Amino acid sequence: ADSGNVLRQSGAKSIDVLLCCDVLAFSDAHEPLKETLLELLSPQTVCLLAHMWRDSEKEREFFASLPSDVLVKRVATEATIRTFFDANLHGLSEAGTVRDCEFLKSLVLDENEIEVFELKRSK
């Protein structure tokens, strides 16, 4: 999709928050993803990209291929995510809101390292 066209059609000047989850799973999609991110990112946009490392060489190449005006910062690691889930899901299960917290943890926290990155354009 032509994301710039979507922005123009909507009348929006920019996007405030862009959430991406598991978008680096297929390396053949890295180039179209990069093009889309570069169209959508502005200095006013915060992009949070949650990523599970699978093919670290290709995934690191993706981050390295971003232009120098795209700032990439790790904002959460496996340890911080695990701490959040341990603290918050335990409380939810006591309140009866979440039926099977261990099942939810297994969906989010498996053997592969998970990290969250913030991408932002500097100019």
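Residues numbered from 1 in each chain as written. Predicted model: local features only at pLDDT ≥ 70, side-chain atom pairs only at ≥ 80, totals over all residues. Heavy atoms only, no water.

**Focus on the overall build of the chain**
And then number 1: Counting secondary structure elements, the chain contains five helices and four strands.
And then number 2: The order of helices and strands in the chain, counted from the N terminus, is α-β-α-β-α-β-α-α-β.
And then number 3: Looking at the chain residue by residue over its 123 residues, the buried ones come to 33%.
And then number 4: Considering only contacts in the chain between residues 6 or more positions apart, those separated by 24 or more positions represent 81%.
And then number 5: Carbon and sulfur atoms make up 54% of the accessible area of the chain, which amounts to about 7,900 Å² in all. (Helix = DSSP H or I, 4+ residues; strand = E, 2+ residues; numbered from the N terminus. Buried < 20%, exposed > 50% of the residue type's maximum accessible area, 1.4 Å probe, protein only. Contact = heavy atoms within 4.5 Å. Areas by Shrake-Rupley, 256 points an atom, 1.4 Å probe, with all protein chains shown as cover.)

**Digging into the environment of W53**
And then number 1: Relative to the elements of secondary structure, W53 occurs in the loop between β2 (46-52) and α3 (56-65).
And then number 2: Residues W53 and I114, spaced 61 residues apart in sequence, show a C-alpha to C-alpha distance of 6.4 Å.
And then number 3: For W53, the side chain forms a polar contact with the side chain of E115, separated by 2.6 Å. (Polar contact = N/O pair within 3.5 Å; in protein donor to acceptor, adjacent residues only side chain to side chain.)

**A look at the packing of aromatic side chains**
And then number 1: Under the criterion given, the structure shown has four aromatic pairs.
And then number 2: Centroid distance F63 to F117: 4.9 Å. Interplanar angle 45°. Geometry classified as tilted. Of this pair, F63 sits in helix α3 while F117 sits in strand β4 (residues 114-121), and the two are 54 residues apart along the sequence. As far as burial versus exposure is concerned, F63 and F117 are alike and both buried. (Phe/Tyr/Trp six-rings, centres within 6.5 Å; stacked < 30°, edge-to-face > 60°.)

**Considerations on a nonpolar patch on the surface**
And then number 1: Among the surface-exposed residues, V17, L19, L48 and V75 lie close enough to one another that they form a single nonpolar patch of about 350 Å² accessible area.
And then number 2: By relative accessible area, L48 is classed as partly exposed at 31%. (Patch = residues over 30% accessible without salt bridge, like charges linked within 9 Å, V, L, I, M, F, W, Y side chains within 5 Å. Salt bridge = Lys/Arg side-chain N within 4 Å of Asp/Glu carboxyl O.)

**Section: helix α2 (residues 30-40)**
And then number 1: Taken together, the buried positions of α2 are H30, L33, K34, L37 and L40. Buried residues of α2 fall within an arc of 135° about the axis and therefore sit on the same side. (Arc of directions from axis to C-beta.)

**Considering the pattern of salt bridges**
Pairs may arise between side chains of opposite charge once their charged atoms sit close together.
And then number 1: Throughout the structure, instances matching the rule amount to four salt bridges.
And then number 2: Between R121 and D69 there is a salt bridge, with the nearest N and O atoms lying 2.8 Å from each other. Here R121, found in strand β4, pairs with D69, found in the loop between α3 and β3 (70-76); they are 52 residues apart in sequence, far enough to count as distant.
And then number 3: R74 serves as the salt-bridge partner of E115, at 2.6 Å between the closest nitrogen and oxygen. Of this pair, E115 sits in strand β4 while R74 sits in strand β3, placing them 41 residues apart in sequence.
And then number 4: With a relative accessible area of 8%, E115 lands in the buried category.

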